[in-house]
Structure formats: C-alpha cells, structure tokens
Amino acid sequence: MEREFLPKIVSFLCKWCSYTGADLAGINRLQYPTSILPIKVMCSSRVDPVFVIKAYLRGADGVLIGGCHPGDCHYQDGNYHTRRRVAILKRVFELLGLEEGRIRLSWISASEGPKFARVCNEFTEVIKSLGENTTKTTIFL
Amino acid sequence: MDRLMKVNKSAELAIIDFFRLLLENDRVSGIFTLRKINKDDSVDYCLVTDENRLDEAIPFYPFMPANAGQILSRFSPMNKPVAVVIKPCELRAFIELVKREQGTLDNFLLISYSCAGVFPIIKTGDEPFEKFLPSYWETVKRGGISQGIRQTCKVCEHFLPMNADITISLIGENKLDSECKMFLNTDKAKEFAKDFEGEMLEEDLESPVINSLLTKRKGEKEDLFTELSSKYSGLDGMINIFGRCIGCHGCSRVCPICYCTLCDFESHNYDYSASILEREISQKGALRLPPDTIFFHLGRLIHMSFSCIGCGLCTEVCPANIPVSTLFIKIGEETAKMFDYIPGRNVKEAIPVTVFKEEEFAELGE
Ligand code: SF4
Ligand code: SF4
Ligand code: FES
C-alpha cells in the first residue's frame, strides 16, 4: 500500500506571537498535522529570504513564516519589512516558474491558537495538492 | 529646454580641452577617465592629475574594464573635487552605492554621455574589436545599434544619463568629429565650465534619433527576454541555465550592487557538514558537488535584483558563458516595478527593502 504523503513544512515562528500561538494550540489540544517543523525566531524579520530558499532547495515541501499582526511587532515594524521581502521572494519564484505557493506568510498572534491550527491545516492541504517538492530528488541545486 | 554649450571641436578633443582647463585652474584635483595603456589599445580607468598625461585619455572609448561606479565608491569622499567621465549605467551604479553609504556625491563633477554601448572584454582567443570601431562611430552618428557590441548594451534602455552634471551628446550627432554638444545640467556644471569657450544654446538632448533607438532597443530586449523565458523556466530551467556554473562567484565580485565585503555566500555559513552531506546523498542517491549553485543565484536575485542597473559585467566575466545579466535585468525590472523603483534614478529614492508602506501587500499574511 502506498504511504500517504505527509508534507514537511519548515516553519519560522516569531517567539512573541506565532510560536506562542502554536503553544496555545497545543495546550488547547487543537488538532493540526505533524507536518509542521517549527523553528523559533526572535522576530519574523529575522528570516532572511535566503533561509526560505535554503529550506526549499533542501527539500522542504512548504515554508511557513509566522509573525505578529501588522502594527503589533515587538520591534515596531519588523513584520512590515518581512512582508516586503516575502513579496519579493514570491515574485521572483513566480517569474522563474518556481512554485511560490510553497511559501506562506501568516500573521498569528499569541492568543490565536485556533488560527495557528487552521493555517497549519490549510497549508498542509495546499502542499498535499502540490505534491512532493521535486528538490528532494534533484541532485543539482 | 536644456542649457547647451556647443564647442567647435570633436567631442573627444573638446572634453580633453575642458579637462585641461579644470586642471590648470585648479578647479579639480584630478580627472577620472578611460585611458590607453599601450599601443595594443588596452584600456583602463585612471585618475589623471598631471595635465601632460591627458593625451592618453580616451573618455568615450566603447569599453568597460570595470564598473566605474564601483571604483568611485572606493575612493570617495575625496578632499578636493574630481571630474569623472562615466557611462550612464556606471553612474546609476554609483548612485545606488551612495544610497548604501558606500560613497558620497560631494566633490565629484559627474560627466556622462549618451552611450551607444560598449564592446565585450577580449578573452584569450577572441578577435580584437578594433576593426569594428570605425563603423561603430558611424553607427553612433546615425543612432543605430552597432555590430559587435555587448548583448546587454543592445537591449539597454537607459542610455541617457540620469544625475549627470554634464551630459555630452554623442548619439545621433552627425557632426561628432567637428563639434561637441555639452549639456550643463546643474549649477555645479555651470560653475566648473566658467570661461570655457563655446556657444550657449537652448536645445533638448532627446531627439527623434534617440527615440527611435529607444524603440529599437526595446524591441531587441523583448525578443531576448522571450527567448530566455522559453528556455529557462522552473527548476529544470534553473538547472539548464546554471548547469555550467563553476561557482567562481565572479559575477557577484564585479557586480557594483553586491558591495558587501562579508558576502553571506562567501562565508562558511551554509557549508554542509559531513552528516548533512550523507543525509542529502542517501535521500537523493547522488549529489552534485560543490552544492548550492542555484542557491547562490536565487539568493542574489532576491537580495539585489531590484537594484541591478544592467551593466552586464556579470555576463562579461562569466567563464562559463552564462547569460547572467540577461536574467538579472529581466527579474530586476520586475522586482523594481513592484515598488515603482528605478535603480540609480534618484539618490533620495529609498532602496525597496529598507522601507515599507503600511497598507501594501495586504493579501500576504492570511
Ligand atoms: S561568473 Fe559564471 S561561473 Fe562564476 S559563479 Fe557567476 S555564473 Fe557561475
Ligand atoms: S547583476 Fe550583473 S548587470 Fe546587474 S548590476 Fe550586477 S553586474 Fe551589472
Ligand atoms: S516580533 Fe513578531 S514579527 Fe516582529
């Protein structure tokens, strides 16, 4: 029997919001797939797009960046910068014919456990429909 | 209407006379220009302070041995004014570097010209391009695209300088050998050109010849871009285009925009440990070594493409003949467009990744 495809989603989560949101989802026993591999960052703006490319090229099926809602960044405007960078990143992917859909930015506050679970579920479904990332088996990258 | 000074000498002689005046009257301490090194017509950039050496100056020679914007950033700020003659794309590169605090505009008298393009760097075994020079200058007078010039120049739309104090009009000037048109764009220019002999006129730099050249180049660019995207799309496309890359990183070293002395891609930050390598190989069954070729190029595209001024040097130096600049110009135009940005247009225009608008990209973040 063929094994069901469980995506690997590298998730950069801001310590002040999304990471805590993820905790809350756990405490509340909300169900979300084990596809999420969380990495705690001090702010979403710590995520250099190069980290995303690295994850993508090393075979991550999806990359999620979680940050505080606009206006709520612990460092004032870090997340606005993140948003611009992600916009550029996605546009470059699109222009090169790469799958920009494998990259997602979501604002999830510390109290939004349910939103965290929803984003994880949704994104996992999206990635499942895209299938496995071919970078996994590409030997030249 | 622009302020124009017409001098009854060939463009090159007129500008060298101008240099002489600047040096003699101590208005500048030096002239930064292209110069002939030897009889073989080797050419380099040089800062000339001795007026007796001005005979070697060939300011409009169609060759780019390095991006002059990058060179200027390395010796700016100067204590005393220096006059520089650089190409429009080099000037735009310098503006981008000034934005990045890699230089200042103070004490430079910026002289540029309508640029008809330059010839490729001669590599071993290449035929010298001197034989094209006479027909090159004839084409400049007509406003055509000369044979033998670099692909990047053939598709360049920004061949009229932005931010020059003085613009020398070359394209479409059929009397290039007997008269020189100098546009004095700024007060600084008028100040420096005081007592320089010439007839003052009111005229526009832009002309029907310039406009038709622009249309021609836009056409060429569209064709080139279409060809590129048809060949190079998706992950396979990236592998096709960069498969030959030997990872020398020459393209980023010569790039004026890649100014970081501690480039992330030159560091050991992304090295693979033995255990990671083993894991990669066991998953893939094989691994091209060294890895991270596409990683490097994608990274550079995302970090700096919006500031690419299209000088073409990356393609020039690539030992593997990869059309690096075609890709960077194409992607760069699009990423710049997202922010209505034109690299090198205005020193006050913020680099896109240093600013934001609260209301933009609201669709991201769901
Ligand atoms: S110059 Fe050419 S071979 Fe060297 S890193 Fe750049 S693309 Fe690769
Ligand atoms: S990417 Fe290439 S064409 Fe663009 S500025 Fe750098 S060297 Fe010039
Ligand atoms: S602190 Fe959470 S995004 Fe900046």
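Check the entry above for the structure.
Residues numbered from 1 in each chain as written. Chains lettered and ligands numbered in written order. Predicted model: local features only at pLDDT ≥ 70, side-chain atom pairs only at ≥ 80, totals over all residues. Heavy atoms only, no water.

Peer 1: Hey, could you go over the sheet that holds strand E1 (residues 9-14) of chain A for me, with residue numbers and the actual values?
Peer 2: All names here are of chain A. Taking strand neighbours across the sheet as the criterion, the 4 strands line up as E2-E1-E3-E4 in an open arrangement whose pairing is parallel. Taken across any chain shown, the strands that pair with only one partner, and hence form the sheet edges, are strand E2 (36-41) and strand E4 (103-107). Between one strand axis and the next, the sheet turns through 20° on average, direction left out of account. In this structure, E1 lies alongside E2, joined through 6 bridges in parallel fashion. Paired with Phe12 across the strands is Ile39, a residue of E2. Against the sheet, helix H2 (residues 49-57) touches E1, strand E3 (62-67) and E4, its axis set at about 150° to E3. Across the sheet, helix H3 (residues 78-95) touches E3 and E4, and the angle it forms with E4 is around 160°. (Pairing = 2+ DSSP bridges. Helix = DSSP H or I, 4+ residues; strand = E, 2+ residues; numbered from the N terminus. Axes fitted to C-alpha atoms, helices over the stretch in contact; angles between N-to-C directions. Contact = heavy atoms within 4.5 Å.)

Peer 1: Talk me through the packing of aromatic side chains; I want residue IDs and the actual numbers.
Peer 2: Under the definition given, this model contains 21 aromatic pairs over all chains. When the ring of B:Tyr61 is compared with that of B:Phe129, the centres are 6.2 Å apart and the planes differ by 45°; the resulting orientation is tilted. One end of the pair, B:Tyr61, is in the loop between strand E3 (43-48) and helix H2 (68-74); the other, B:Phe129, is in the loop between strand E5 (108-113) and helix H4 (133-142), with 68 residues separating them in the sequence. According to the relative accessible area criterion, B:Tyr61 is buried, its value standing at 9%. On the accessibility criterion, B:Phe129 (5% relative accessible area) is buried. The residue whose ring lies beneath A:Lys15 is A:Trp16, and the NZ or CZ to ring-centre distance is 4.9 Å. Taking NZ or CZ as reference, A:Lys54 lies 4.5 Å from the ring centre of B:Phe295, over its face. (Phe/Tyr/Trp six-rings, centres within 6.5 Å; stacked < 30°, edge-to-face > 60°. Buried < 20%, exposed > 50% of the residue type's maximum accessible area, 1.4 Å probe, protein only. Lys NZ or Arg CZ within 6 Å of the ring centre and 35° of its normal.)

Peer 1: Just give me the short version of the layout of surface pockets, but keep the residues and values in it.
Peer 2: Its boundaries defined by the atoms lining it, the largest pocket holds a volume of some 870 Å³. Looking at the largest pocket, it is lined by 35 residues, and the ones nearest its centre are B:Ile257, B:Cys258, B:Tyr259, B:Cys260 and B:His303. For the lining of the largest pocket, the secondary-structure elements that each account for two or more residues are H3 of chain A together with H2, helix H9 (250-254) and helix H11 (293-304) of chain B. With 4 residues, H11(B) is the single largest residue contributor to the lining of the largest pocket. The residue inventory of the lining of the largest pocket, partitioned by class, reads 18 nonpolar, 8 polar and 9 charged. Looking at the lining of the largest pocket, you find at least three residues from each of domain 1 (2-213) and domain 2 (232-363) of chain B. (1 Å grid on protein atoms, 1.4 Å probe; cavity = no way out; pocket = protein on both sides within 12 Å on 5 of 7 lines; lining within 4 Å. Points joined across faces, edges and corners; volume = space filled by probe spheres on them. Nonpolar A, V, L, I, M, F, W, Y, C, P; charged D, E, K, R; others polar. Domains from an automatic or database assignment.)

Peer 1: Residue-level account of the interface of chain A and chain B, with values.
Peer 2: Interface size is commonly expressed as the accessible surface area that is lost when the partners come together. Across the contact, 39 residues belong to chain A and 48 residues belong to chain B. Summing both sides of the interface, chain A and chain B together bury roughly 4200 Å²; the carbon and sulfur share of this comes to 66%. Joining chain A to chain B, the criterion identifies 5 salt bridges. Linking A:Lys54 and B:Asp292 is a salt bridge whose minimum nitrogen-to-oxygen distance equals 3.0 Å. At the surface where chain A touches chain B, the tally comes to 20 residue pairs in polar contact (both at pLDDT 80 or more). Listing elements by their share of the side of chain A that touches chain B, those giving two or more residues are H2, H3, E4 and helix H4 (113-130) of chain A. With 13 residues, the top contributor of residues to the side of chain A that touches chain B is H3(A). In terms of residue class, the side of chain A that touches chain B is built from 20 nonpolar, 7 polar and 12 charged. (Buried area = accessible area lost by both parts, 1.4 Å probe. Salt bridge = Lys/Arg side-chain N within 4 Å of Asp/Glu carboxyl O. Polar contact = N/O pair within 3.5 Å; in protein donor to acceptor, adjacent residues only side chain to side chain.)

Peer 1: Any details on unusual backbone geometry? Residues and values, ideally.
Peer 2: All names here are of chain B. Here the bond from Ser76 into Pro77 is cis, since omega is 5°, no more than 30 degrees from zero. A positive phi angle, close to 55°, is found at Asp340, a residue other than glycine. Tracing the chain through its elements places Asp340 in the segment after helix H13 (324-337). By relative accessible area, Asp340 is classed as exposed at 60%.

Peer 1: Run through the pattern of salt bridges, naming residues and quoting values.
Peer 2: As enumerated under the stated definition, the model contains 39 salt bridges over all chains in all. Residues A:Arg91 and A:Glu94 are paired through a salt bridge, measuring 3.2 Å at the closest nitrogen-oxygen approach. Taken as a pair, A:Arg91 and A:Glu94 lie in helix H3 at a separation of 3 residues, close to a single helical turn. On the basis of relative accessibility, which here comes to 23%, the residue A:Arg91 falls in the partly exposed class. Across the pair A:Arg104 and A:Glu122 runs a salt bridge whose closest N-O atoms are separated by 3.3 Å. Of this pair, A:Arg104 sits in strand E4 while A:Glu122 sits in helix H4; the two residues are 18 residues apart in sequence, bridging distant segments of the chain. Connected through salt bridges with shared partners, the residues A:Arg91, A:Glu94, B:Glu334 and B:Lys337 form a single ionic network.

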